[in-house]
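The primary structure of each chain is shown beneath.
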Amino acid sequence: MTQHLAAPLSGTSDDAPGHRTGWWQDAVIYQVYPRSFADGNGDGMGDLDGVRRRLPYLRELGVDAVWLSPFYASPQADAGYDVADYRAIDPMFGTLLDADALIHDAHALGLRVIVDLVPNHSSDAHDWFRRALREGPGSALRERYHFRPGKGAHGELPPNDWESVFGGAAWTRTTDPDGTPGDWYLHLFAPEQPDFNWDHPAVADEFRSILRFWLDMGVDGFRVDVAHGLVKAPGLPDLGGAGRLRLLGTADGGTPFFDQDGVHAIYRQWRTILDEYPGERIAVAEAWTPTVERTAHYVRPDELHQAFNFQYLATSWESEALREVIEVSLAAMRPVGAPATWVLSNHDVTRHATRFAGPPGVGTQTREPGDRVLGLRRARAATLLMLALPGSAYVYQGEELGLPDVTDLPDEARQDPSYFRADGQDGFRDGCRVPIPWAREGSSYGFGAGGSWLPQPDHWGELSVEAQTGDPASTLELYRAALSVRKEHPGLGGGSAVEWRDAPEGVLIFARTGFVCTVNTTGTAVRIPAPGELLLASGPVDAGNTAPGAEFELPADTTVWWSV
Ligand code: GLC
């Protein structure tokens, strides 16, 4: 394999370590969820070969980079976010040679590749953890995780009051090699995901080595899973009445397991490794912090490059709330010089076409299908708003097809561990993970030659890539057009500010260099003066009435882009 290790994308003579092109500052990054994207071998589960074959589709869509959710060797207790071997591909996804070929082909098409890195926890099938259990109390390997004796007369109570994000105690009791009940270990997520002890030097060494392994394979960056969780407060103190472990933590960094200041030293070390490699390799933090100001800490100049903007993702389709989150996000990133990022959907939340299909205030998890037509209209408008903002944007596979969440999956089909452990919170993630439709017909609508690991709804064929290609009214063609305009128009994506203009209630109007974006978040059309020449609209508009300065009717739940 060493003979044809994938080269970094640009590979030009000035592509030396330290050379900065800033490709990531306004990049549109497409999330592939490998098990649900494309199935190359017809076993009903997506794989790396399937992704590789569909790279031309991504190239044509017009994205800059692909982020792949985990494909590493894993028992799949949490869909691969439980990694047993960080340097191996799970056989259900393929082999290292497939990964190499995928990186190589992506680069040949001008696409960058970002892989998921899961440093907060391993799988309970990881060799270190298995040996730690087998060797019993006193094993040096136990120090690489958080093993503790229980409380109570016989150690029958968990060591502290932390609860898992997926529900239930964040601790599981072990059985000693002689069969008697033993110590407990910490898992902020499922019991099959023991948390690493990042105070142990072997853990830090191992991850530096894993970073280098994948950088040597030619990847352009990492998405860092649970980036805010690695360091725990000394002594693992009780939360004390604060109740359930909250993913967002508290504003003062006072949550003993999330957003502890100690995580930043780790990212400073990682940054020096990334900077040693040519081609500007990056890292993006999945850090669920309570405020964008706390998120900005992860992207200081000597730390990671980007962080997901979950405050934006969680904002409902209301002009005031949107304007505020945009302002606050841009303001928080400006002092650290990092680009803002924007995201509407991912593999952990209800797709935005469904979140926006109901009344405002629907959380990031819902089982209500809402009004599909309304949801799609708003989702398309929300996408054009997102793609007009300064910074980098993330697109989750299938949103370019306008896919809704599958809200009526039968309970017996569900696989998300949080569904089985949670009492309502975070439990419906399977609905956004249903394999995507490529063709109008066929056993799995072109996903593969076999079935599909989650059942696809009957209307999936109408939403397929095949059905939408060439139809100018389709959501797929809207994304293609938007991404192409964004590339040609330097006013979009670049910069770090927007200039707000006066607008009627429920409407947002902002200008960028040579460009204006108008967004109607209300259910009724409004009249505004046409600010320039119409570039693109998220829905049907009266094109007869778009001469600059003429009174223009901006339809309900519609975004229009203008060149000025
Ligand atoms: C992240 C992932 C999610 C996973 C969790 C535990 O939040 O996005 O899918 O369940 O981490 O690894």
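Residues numbered from 1 in each chain as written. Predicted model: local features only at pLDDT ≥ 70, side-chain atom pairs only at ≥ 80, totals over all residues. Heavy atoms only, no water.

A closer look at the overall build of the chain
Across its full length, the chain carries 14 helices and 20 strands. Taken along its principal axes, the extent of the C-alpha atoms in the chain is 80 × 55 × 50 Å. Across the 564 residues that make up the chain, the buried fraction comes to 62%. Of all intrachain contacts in the chain linking residues separated by at least 6 positions in sequence, the fraction that spans at least 24 positions is 68%. As presented, the chain carries roughly 20,200 Å² of accessible surface, and 52% of it is formed by carbon and sulfur atoms. Across the chain, the mean location of the 47 positive side-chain charges is 2 Å away from that of the 78 negative side-chain charges. (Helix = DSSP H or I, 4+ residues; strand = E, 2+ residues; numbered from the N terminus. Buried < 20%, exposed > 50% of the residue type's maximum accessible area, 1.4 Å probe, protein only. Contact = heavy atoms within 4.5 Å. Areas by Shrake-Rupley, 256 points an atom, 1.4 Å probe, with all protein chains shown as cover. Lys, Arg positive; Asp, Glu negative; His and termini not counted. Charge placed at Lys NZ, Arg CZ, Asp CG, Glu CD.)

Overview of the pattern of salt bridges
A full pass over the atoms with the stated rule returns 31 salt bridges. Between K487 and D64 there is a salt bridge, and its shortest N-O distance comes to 3.9 Å. One end of the pair, K487, is in helix α14 (residues 475-488); the other, D64, is in the loop between α2 (55-61) and β2 (65-68), and 423 residues separate them in sequence. A relative accessible area of 54% means that K487 is categorised as exposed. (Salt bridge = Lys/Arg side-chain N within 4 Å of Asp/Glu carboxyl O.)

Looking at the site of the ligand
Near the ligand there are 14 residues, and of these D78, D225, E286, H347 and D348 occur at the shortest range. Note that an oxygen atom of the ligand is positioned 3.0 Å from one of the side-chain N or O atoms of R223. Within the side chain of E286, an N or O atom sits 2.7 Å from an oxygen atom of the ligand. The fraction of the free accessible surface of the ligand (310 Å²) that becomes covered by protein chains is 97%. Grouping the constituent residues of the shell around the ligand by class yields 4 nonpolar, 3 polar and 7 charged. (Near = heavy atom within 4 Å. Polar contact = N/O pair within 3.5 Å; in protein donor to acceptor, adjacent residues only side chain to side chain. Nonpolar A, V, L, I, M, F, W, Y, C, P; charged D, E, K, R; others polar.)

Here we look at the domain arrangement of the chain
Under the domain assignment, the chain is made up of domain 1 (13-122 + 221-482), domain 2 (127-186) and domain 3 (498-563). Centre-to-centre, using C-alpha coordinates, domain 1 lies 32 Å away from domain 2. Of the roughly 1,600 Å² buried between domain 1 and domain 2 on both sides combined, carbon and sulfur atoms contribute 54%. Summed over the shared surface of domain 1 and domain 2, the number is 1 salt bridge. Salt-bridge contacts for D238 lead to K151; the nearest nitrogen and oxygen are separated by 3.7 Å. (Domains from an automatic or database assignment. Buried area = accessible area lost by both parts, 1.4 Å probe.)

Points about the pairing of strand β7 (residues 171-175)
With 4 bridges joining them, β7 and strand β8 (residues 181-186) adopt antiparallel strand pairing. For T175, the partnering residue across the bridge sits in β8 and is P181. Remark: 5 residues form the turn of the hairpin made by β7 and β8, two consecutive strands paired antiparallel; G179 in that turn has positive phi of roughly 95°. (Pairing = 2+ DSSP bridges.)

Observations regarding the packing of helix α5 (residues 201-217) against helix α6 (residues 263-276)
Packing of α5 against α6 leaves a shortest axis separation of 11 Å and a crossing angle of 25°. Our classification of the angle between α5 and α6 gives roughly parallel. Considering the relative orientation of α5 and α6, their crossing is right-handed. Residues F207, R208, L211, R212 and L215 of α5 form the contact with α6, whose own contacting residues are Q269, W270, I273, L274 and E276. (Axes fitted to C-alpha atoms, helices over the stretch in contact; angles between N-to-C directions. Parallel < 35°, antiparallel > 145°, perpendicular 65-115°, else oblique. Left-handed = near helix turned anticlockwise from the far one by under 90°.)

Quick word on the packing of helix α3 (residues 96-108) against α5
Any two packed helices are characterised by the angle at which their axes cross and by the distance between the axes. Relative orientation of the contacting elements α3 and α5 amounts to 55°, with a least axis distance of 10 Å. On the basis of the axis angle, α3 is oblique to α5. Only F213, W214 and M217 of α5 make contact with α3, whose side of the interface consists of L96, A99, D100 and I103. When grouped by side-chain class, the residues that make up the contact of α3 with α5 number 6 nonpolar, no polar and 1 charged.

A word on the packing of aromatic side chains
Here a ring pair, both rings aromatic, is described through the centre-centre distance and the interplanar angle of the planes. Summed over the entire model, instances satisfying the criterion amount to 34 aromatic pairs. Pairing F129 with Y145 gives two aromatic rings, centres 5.0 Å apart and planes at 75°, and the pair type is edge-to-face. With F129 in helix α4 (residues 127-135) and Y145 in the loop between α4 and β6 (147-148), the pair connects residues that are 16 residues apart, well separated along the chain. What makes Y145 buried here is its relative accessible area of 2%. A connected cluster of aromatic rings, assembled from ring pairs, spans Y86, W128, F129, Y145, F147, Y185, F196, W198, F207, Y267, W270 and Y298. For the cation-ring pair, R35 lies above W453, with the distance from its terminal atom to the ring centre recorded as 4.5 Å. A cation over a ring is seen here: R144 above W128, with NZ or CZ 4.4 Å from the ring centre. (Phe/Tyr/Trp six-rings, centres within 6.5 Å; stacked < 30°, edge-to-face > 60°. Lys NZ or Arg CZ within 6 Å of the ring centre and 35° of its normal.)

Things to note about the nonpolar core
Ranked by size, the top nonpolar core spans 139 residues in total, and within it L58, W214, Y267, Y312, L385 and W561 carry the most contacts. With 8 residues, the top contributor of residues to this core is α5. Those residues in contact with Y312 that lie beyond four places of it in its chain are L322, V325, I326, W342, V343, L344, L385, M386 and L389. Of all hydrophobic cores here, the second largest spans 15 residues; its members include W162, V165, W184 and L188. (Core = buried A, V, L, I, M, F, W, Y, C linked by side-chain atoms within 4.5 Å.)

Overview of unusual backbone geometry
Although it is not a glycine, L236 adopts a positive phi angle of roughly 45°. Positive phi is not limited to glycine here, since D557 has a value of about 45°. In this structure, D557 sits in the loop between β19 (551-554) and β20 (558-563). When its relative accessible area of 1% is taken as the criterion, D557 is described as buried.

Some points on the sheet that holds strand β14 (residues 499-501)
Taken together, 5 strands build an open sheet; the order of strands is β14-β15-β16-β20-β18 and the sheet is antiparallel. Every other strand in the sheet has two partners, leaving β14 and β18 (533-537) as the edge strands with one partner each. Ignoring strand direction, the axes of neighbouring strands in this sheet form an average angle of 25°. In the sheet, β18 pairs with β20 via 4 bridges, with the strands oriented antiparallel. The residue of β20 that forms the bridge with A537 is V560. Against the sheet, helix α9 (residues 319-333) contacts β14 and β15 (507-512), and its axis sits at roughly 30° relative to β15. Seen against the sheet, α14 touches β18 and β20 and runs at an angle of roughly 135° to β18.

A look at the side chain of N520
Within the fold, N520 resides in strand β16 (residues 515-520). A polar contact is formed between the side chain of N520 and the backbone oxygen of T524, at a distance of 2.8 Å. What N520 contacts, discounting residues up to four positions off in sequence, is W317, G506, V507, A525, V526, L554, P555, A556, D557 and T558.

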